[in-house]
Amino acid sequence: MPYGDAMGARTRSEERRAEIVRAALEVIAERGYRGASLAAVAERVGLTQQGLLHHFPTKEALLVAVLEERDKWDAVPGGTWRVDLLASLVEYNAMRPAIIQTFSALLGESVTEGHPAREFFTERYLRVRASMAEVLRAEYGDRLPNGLTPERTAPLMVAVMDGLQYQWLLDPESVDMPGAFRDFLLLLGERLD
């Protein structure tokens, strides 16, 4: 196969994989992971289940691809978060309820033994807490104005972000997710100008 044909085939395969991941996100958002089937995802992108298995050999492989793709959307250029960017992330999340719903559904399901996303979320939370501690240390040093260390505050920040997402998904008219997160930042001692 000539080089140009191979590159074109690889590009088409990558585009198809991206299309499958987007469809899987939609199906999982609608039905949860356990209720989502490979057949439903395949149907949504106009493939047979066997055709989908060519790109993702198992449902678990597709789930990991979905989770990794979702995390890429939240990446910051240069990889360095700041407290003010976290507030922007919460505002951005309020504009994409389907993605937040999928993430929340998978997170909730992953706490059960044997769930294929359990390891992913366990490792992800280790990284996220460490990253939040770095953000807080860069902003406040070794102690926040409230006296807590960045390491003690990081799990609280993550809990507030995720907990607000659940409340907002259940009752978006009553929960101002970005406003509530900004209020939390005020509790930390952040000045919001």
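The model shown is predicted, which means the values in this text are computed figures rather than measured ones.

1. So, the overall build of the protein chain
Helix and strand counts for the protein chain stand at nine helices and zero strands. Ordered by position from N to C terminus, the α and β elements of the protein chain give α-α-α-α-α-α-α-α-α. When the 193 residues of the protein chain are sorted by exposure, 40% land in the buried category. Nonlocal contacts in the protein chain, meaning residues at least 24 apart in sequence, comprise 60% of its contacts between residues at least 6 apart. Roughly 10,800 Å² of accessible area belongs to the protein chain as shown, and the carbon and sulfur atoms make up 54% of that amount.

2. A closer look at the nonpolar core
In a soluble, globular protein the nonpolar side chains are often hidden away together inside. Of all hydrophobic cores here, the largest spans 55 residues; its most connected members are Leu-62, Phe-121, Met-157 and Phe-181. Put simply, the parts of the chain that give this core at least two residues each are helix 1 (3–35), helix 2 (38–44), helix 4 (59–73), helix 5 (83–93), helix 6 (97–110), helix 7 (118–140), helix 8 (150–170) and helix 9 (177–188). The biggest single contributor to this core is helix 7, with nine residues. Setting aside its immediate chain neighbours within four residues, Met-157 contacts Leu-86, Met-132, Leu-136, Phe-181, Phe-184, Leu-185 and Leu-188.

3. What about helix 7?
Between its terminal C-alpha atoms helix 7 stretches 32 Å, which fits the 33 Å expected from 23 residues at 1.5 Å a residue. Within the span of helix 7, buried status applies to Phe-120, Phe-121, Arg-124, Tyr-125, Val-128, Met-132, Ala-133, Val-135, Leu-136 and Tyr-140.

4. Remarks on the packing of helix 8 against helix 9
Taken N-terminus to C-terminus, the directions of helix 8 and helix 9 make an angle of 160°; their axes are 10 Å apart at the nearest point. When the axes of helix 8 and helix 9 are compared, the pair comes out roughly antiparallel. Seen along the crossing, helix 8 lies across helix 9 with a hand that is right-handed. Together, Thr-153, Leu-156, Met-157, Val-160, Met-161, Leu-164, Gln-165 and Trp-168 of helix 8 and Met-177, Ala-180, Phe-181, Phe-184, Leu-185 and Leu-188 of helix 9 make up the contact between the two elements. Of the residues contributing to the contact of helix 8 with helix 9, the split by class is 12 nonpolar, two polar and no charged.

5. With respect to helix 5
For helix 5, every residue scored as buried is listed here: Val-83, Leu-86, Ala-87, Leu-89, Val-90 and Asn-93. With its buried residues spanning 155° around the axis, helix 5 presents them on a single face. Tucked into the core, helix 5 has its buried residues touching helix 6, helix 7, helix 8 and helix 9.

6. A short note on the environment of Glu-19
Structurally, the position occupied by Glu-19 is in helix 1. Spatially, the C-alpha atoms of Glu-19 and Arg-44 are 9.5 Å apart, while their sequence positions differ by 25 residues.

7. With respect to the side chain of Gln-165
Considering the arrangement of structural elements, one finds Gln-165 in helix 8. There is a polar contact of 3.1 Å between the side chain of Gln-165 and the side chain of Asn-93. Not counting chain neighbours up to four residues away, the residues in contact with Gln-165 comprise Asn-93, Ile-100, Phe-103, Ser-104 and Met-177.

8. So, the side chain of Thr-149
Its place among the elements puts Thr-149 in the loop between helix 7 and helix 8. At a separation of 3.1 Å, a polar atom in the side chain of Thr-149 contacts the main-chain amide nitrogen of Arg-152. Among residues more than four places away in sequence, those in contact with Thr-149 are Asp-142, Arg-143 and Leu-144.

9. Some points on the packing of aromatic side chains
Considering all chains together, one arrives at three aromatic pairs under this definition. Judged by centre distance (5.5 Å) and plane angle (70°), the rings of Phe-103 and Phe-121 are edge-to-face. Within this pair, whereas Phe-103 is found in helix 6, its partner Phe-121 is found in helix 7, the two being separated by 18 residues in sequence. By the burial criterion, Phe-103 is buried, and Phe-121 matches it. On the numbers, 6.2 Å between centres and 35° between planes, the contact of Phe-181 with Phe-184 is tilted. With a gap of three residues between them, Phe-181 and Phe-184 both fall in helix 9, about one helical turn apart. Across the pair, exposure class does not vary: Phe-181 and Phe-184 are buried alike. Each member of the aromatic cluster is reached from another via a ring pair, and the members are Phe-103, Phe-120 and Phe-121. A cation over a ring is seen here: Arg-124 above Tyr-125, with NZ or CZ 6.0 Å from the ring centre.

Procedures and definitions
- Residues numbered from 1 in each chain as written.
- Predicted model: local features only at pLDDT ≥ 70, side-chain atom pairs only at ≥ 80, totals over all residues.
- Heavy atoms only, no water.
- Helix = DSSP H or I, 4+ residues; strand = E, 2+ residues; numbered from the N terminus.
- Buried < 20%, exposed > 50% of the residue type's maximum accessible area, 1.4 Å probe, protein only.
- Contact = heavy atoms within 4.5 Å.
- Areas by Shrake-Rupley, 256 points an atom, 1.4 Å probe, with all protein chains shown as cover.
- Core = buried A, V, L, I, M, F, W, Y, C linked by side-chain atoms within 4.5 Å.
- Expected span 1.5 Å × (residues − 1).
- Axes fitted to C-alpha atoms, helices over the stretch in contact; angles between N-to-C directions.
- Parallel < 35°, antiparallel > 145°, perpendicular 65-115°, else oblique.
- Left-handed = near helix turned anticlockwise from the far one by under 90°.
- Nonpolar A, V, L, I, M, F, W, Y, C, P; charged D, E, K, R; others polar.
- Arc of directions from axis to C-beta.
- Polar contact = N/O pair within 3.5 Å; in protein donor to acceptor, adjacent residues only side chain to side chain.
- Phe/Tyr/Trp six-rings, centres within 6.5 Å; stacked < 30°, edge-to-face > 60°.
- Lys NZ or Arg CZ within 6 Å of the ring centre and 35° of its normal.

What is shown is where atoms sit, not what they do.
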